[in-house]
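# A look at the structure
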Amino acid sequence: MSLIHTYQFNPQLFWIRDLSSLFSDFLRYALLSVLVVALVQMAFFRSVSALSRLRSRVGQQSNLSNSVRWLQTQTSTHTDLYSELKELVPEYQERVKKLKKEHGSVELGKITVDMVLGGMRGMTALVWLGSAVDPDEGIRFRGMSIPECQKKLPGAFPGGEPLPEAVLWLLLTGKIPNKAQVDSLAQELRSRATIPDYAYKAIDALPVSAHPMTQFTTGVMALQVQSEFQKAYEGGIHKSRYWEPTYEDTMNLIARLPAVAAYIYRRKYKDGKIISLDHSLDYGANYAHMLGFDDPEMLEFMRLYISIHSDHEGGNVSSHTAHLVASPLSDPYLAFAAALNGLAGPLHGLANQEVLRWIRSIVAEFGTPNISTEQLTDYINKTLSSGQVVPGYGHGVLRQTDPRYTCQREFALKHLPNDPYFQLVSKIKEVVPPILTKLGKVKNPWPNVDAHSGVLLNYYGLTEENYYTVLFGVSRSIGVGPQLIWDRALGMPLERPKSVTLEKLEQLCAK
Ligand code: CMX
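Residues numbered from 1 in each chain as written. Predicted model: local features only at pLDDT ≥ 70, side-chain atom pairs only at ≥ 80, totals over all residues.

### A look at the overall build of the protein chain
Selection criterion: A run of DSSP states H or I qualifies as a helix once it reaches four residues; a run of E qualifies as a strand once it reaches two. Both are numbered from the N-terminal end. For every residue, the other C-beta atoms within 10 Å of its own C-beta are counted; 20 or more classify it as buried, 12 or fewer as exposed, and values in between as partly exposed. C-beta atoms are placed from the backbone. We call two residues in contact whenever the C-beta atoms placed from their backbones are within 7 Å.
Counting its regular elements, the protein chain contains 23 helices and two strands. Across the 511 residues of the protein chain, 40% fall into the buried class. By sequence separation, contacts in the protein chain at least 24 residues apart represent 74% of the contacts at least 6 residues apart.

Written as structure tokens, this is what we have:
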């Protein structure tokens, strides 16, 4: 009734004879409005994109942080990722050229003996486009915090966790994709996900007892046989086009990893039968499905898990390794296999395995996860006095609780608040930091990403902790891959820092 009433106020626009003509008028009016809105939007995004190009050309970006802010507010315009990237490449190349030409001698800090002997902590030495880690605030993906990503990136359903495909689009382009773009990327990844039989055979050549990360690296090395970059290089491709076959390799690698990773899980822990890709599922859900998990809550956790483990700026061991190994033009498969070997170290990605093992050892010691603060304190002190680290705590850059821990905790509070292992993890978070602080040497006593993931996976039935780092590895491809493409697009050179002998260092210090 109220609709008719509204129309009656506009007799010159709508001639109302009966309800059916009113309906068809309304339909026409709605269609016209949608068309007008779409045209206005298109014009807006085109002008935003053109303005962005203009800004970089005329050098109006007053400082770098402004340019980062500017990029994150853009929305994506192209329907496919490749076209979006192709448009951006010349713009970024121009920015790098300008930096080198006009600011090549700007000093970014000084190098101290502590840095040289201390694993290069705090030494600015790399460009990484996808993300940056602030010591207090944690990760920002192209300037967006995890809660912002959860709010702004498309999910599998309204209000759902960010889809890994959306994170990939964001990390590669700095632009926020819409749902249609993310769906088309999901489809593209599915279409690239065919695994050559020899990759399975290469894994089968290893004993089943081999650690899942050893099997995973072997699988990735077998996929390398199909490298487009290697073929193009052998064919004499011009260096200005290196990024194109790198894009192909990276997308193929990202697309194929879940199936290879799932095969390893099925082979090692289940009946060895392959579960095929489901063409109706997104990347994260498909990985869970191929592992053998179809609970919608687990699928949603996998989307969150992959998104938050994707990238953590460039200096961490796995990301830096990929960048270093790719720098002499090793293709993305070679670079990523190397990255996985770094990830497999217990102070880096393998910590997620170690956390659950440690939690299980606590439960085994007391016969229950429901233990007192005093019992837990004793156990932590026992771990430390036996010369081991408390896994899941501390970080090379972070100085506060890792927001990747916090968002997993929020997921657990929503879905499994009464799980005894979750409650134990919550208790550990209260007890560990003051103990580590008291040691006087630990720079960050707070939990990192690995402190939480295991109990969630365990709750959903993925109980085999030795597999956990493979999940981390699949996720990391989404952060490392885009940077490998940009490394080639921006002509990043062979990495070759200078080392000193111990004697030389002593001489330099004596001066
Ligand atoms: N338990 C016990 N001791 C710890 C500790 C922890 N969780 N974190 C740091 N320390 C110790 C270090 O071993 C070091 O001791 P020494 O001087 O005797 O060698 C001292 O505190 C200073 O270390 P730091 O400067 O605070 O930390 P680093 O940057 O050197 O190392 C990290 C960072 C992550 C390797 C370290 O905190 C650690 O070993 N944590 C446990 C393992 C872990 O959770 N790793 C996962 C990190 C996240 C990831 O990459 O996935």
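Moving on from the coordinates now.
### Some remarks on the site of the ligand
Let me state the cut-off plainly: Here, nearness means that the C-beta atom of a residue, built from backbone geometry, sits within 6 Å of the molecule or strand in question. Only Asp, Glu, Lys and Arg are considered charged in this grouping, and only Ala, Val, Leu, Ile, Met, Phe, Trp, Tyr, Cys and Pro are considered nonpolar; every other residue, Gly among them, is considered polar.
Taken together, 22 residues surround the ligand, and among them Ala351, Val389, Tyr393, Gly394 and Lys443 come closest. By residue class, the composition of the shell around the ligand is 10 nonpolar, nine polar and three charged.

### Regarding the confidence of the model for the protein chain
Selection rule: As a per-residue measure, pLDDT reflects the predictor's confidence and takes values from 0 up to 100.
In the predicted model, the protein chain carries a mean pLDDT of 90, and 86% of its residues have values of at least 70. A low-confidence stretch, residues 1-23 (pLDDT under 50), is modelled with eight contacts involving residues beyond four sequence positions or located in other chains. Counting interchain partners and residues more than four positions distant, the pLDDT-below-50 stretch residues 42-73 has 27 contacts.

### Focus: helix α14 (residues 296-309)
This is how it is decided: Here a helix's expected span is defined as the number of its residues, less one, multiplied by 1.5 Å.
Taking 1.5 Å per residue, 14 residues should reach 20 Å; α14 reaches 20 Å between its end C-alpha atoms and fits that length. A large share of α14 lies buried, amounting to 12 of its 14 residues. Among all positions in α14, only Met298, Leu299, Glu300, Phe301, Met302, Arg303, Leu304, Tyr305, Ile306, Ser307, Ile308 and His309 are buried.

### Looking at the environment of His323
Counting through the fold element by element, His323 comes out in helix α15 (residues 317-326). Between the alpha carbons of His323 and Glu495 there is a distance of 8.5 Å; along the sequence they are 172 residues apart. Residues contacting His323, with those up to four places away along its chain left out, are Leu126, Gly314, Gln483 and Asp487.

### A closer look at the packing of α15 against helix α22 (residues 468-489)
How we decide: Lines fitted to C-alpha atoms define the axes, with helix axes restricted to the stretch in contact, and inter-axis angles between N-to-C directions lie between 0 and 180 degrees. Note on angle classes: values under 35 degrees are labelled roughly parallel, values over 145 roughly antiparallel, values of 65 to 115 roughly perpendicular, and the remainder oblique. Two helices that cross are described as forming a left-handed crossing if the nearer one is turned anticlockwise from the farther one by less than a right angle, and a right-handed crossing if clockwise.
Across the interface, α15 lies against α22 with an axial gap of 10 Å and an inter-helix angle of 30°. The angle between the axes of α15 and α22 places the two elements in the roughly parallel class. Remark: the crossing between α15 and α22 carries right-handed chirality. Every residue of α22 that contacts α15 at Ser318, Ser319, Ala322, His323 and Ala326 is listed here: Arg476, Gly479, Val480, Gln483, Leu484 and Asp487. In the contact of α15 with α22, the residues fall into four nonpolar, five polar and two charged.

### Points about the UniProt feature "active site" (unreviewed entry) in the protein chain
In plain terms, the rule: UniProt positions are given in the numbering used here, feature names are shortened, and annotations may be inferred rather than shown by experiment.
UniProt marks His348, His395 and Asp450 with the feature "active site" (unreviewed entry), using the numbering shown here. A compact arrangement is adopted by the annotated residues: their sequence extent is 103 residues, whereas the largest C-alpha distance between any two is 10.7 Å. Turning to its location among the elements, His348 is positioned in the loop between α16 (332-343) and α17 (351-366). Here His348 falls in the partly exposed class, since 18 other C-beta atoms lie within 10 Å of it. Apart from residues lying up to four places away in sequence, His348 is in contact with Asn316, Val317, Ser318, Gly342 and Leu343.

### Looking at α17
Under the 1.5 Å per step criterion, the end-to-end length of α17 is 23 Å for 16 residues, consistent within 8% with the ideal 22 Å. Listing the buried residues of α17 in full gives Ala351, Asn352, Gln353, Glu354, Val355, Leu356, Trp358 and Ile359. Tucked into the core, α17 has its buried residues touching α20 (420-439), α21 (450-459) and α22. Gly367 sits one or two positions beyond α17 and adopts a positive phi of about 75°.

### Looking at the packing of helix α9 (residues 197-204) against helix α12 (residues 243-269)
Two quantities define a packed helix pair, namely the angle between the helix axes and the distance between the axes. For the pair α9 and α12, interaxial distance at closest approach is 11 Å and the crossing angle is 40°. By the angle between their directions, the pair α9 and α12 is classed as oblique. Two packed elements cross with a definite hand, and for α9 against α12 that hand is right-handed. Facing Ala199, Tyr200 and Ile203 of α9, the residues of α12 in contact are Val260, Tyr263, Ile264 and Arg267.

### Digging into the pairing of strand β2 (residues 138-141)
Threshold: Any two strands are treated as partners once DSSP identifies two or more bridges connecting them.
The sheet contact formed by strand β1 (residues 131-134) and β2 spans four bridges and is antiparallel. Among the inter-strand pairings, Asp134 is bridged to a residue of β2, identified as Gly138. Adjacent in sequence and paired antiparallel, β1 and β2 are bridged by three residues.

### Digging into unusual backbone geometry
Glycine aside, residues mostly have negative phi angles, and peptide bonds mostly take the trans form. The residue Met120 is not glycine, and still its phi comes out positive at about 60°. Tracing the sequence through the fold places Met120 in the loop between α5 (113-117) and β1. One non-glycine residue with positive phi stands out, namely Leu329, at about 70°. Looking at where Leu329 falls in the secondary structure, it is placed in the loop between α15 and α16. Its 16 C-beta neighbours within 10 Å are what place Leu329 among the partly exposed residues.

### A few points about the environment of Thr173
Locating Thr173 in the fold gives a position in helix α7 (residues 164-173). In this structure, the C-alpha to C-alpha distance between Thr173 and Gly130, residues 43 residues apart in sequence, is 8.5 Å. Once you skip the residues sitting within four places of it in the chain, Thr173 turns out to touch Ser76, Glu84, Leu85 and Leu88.

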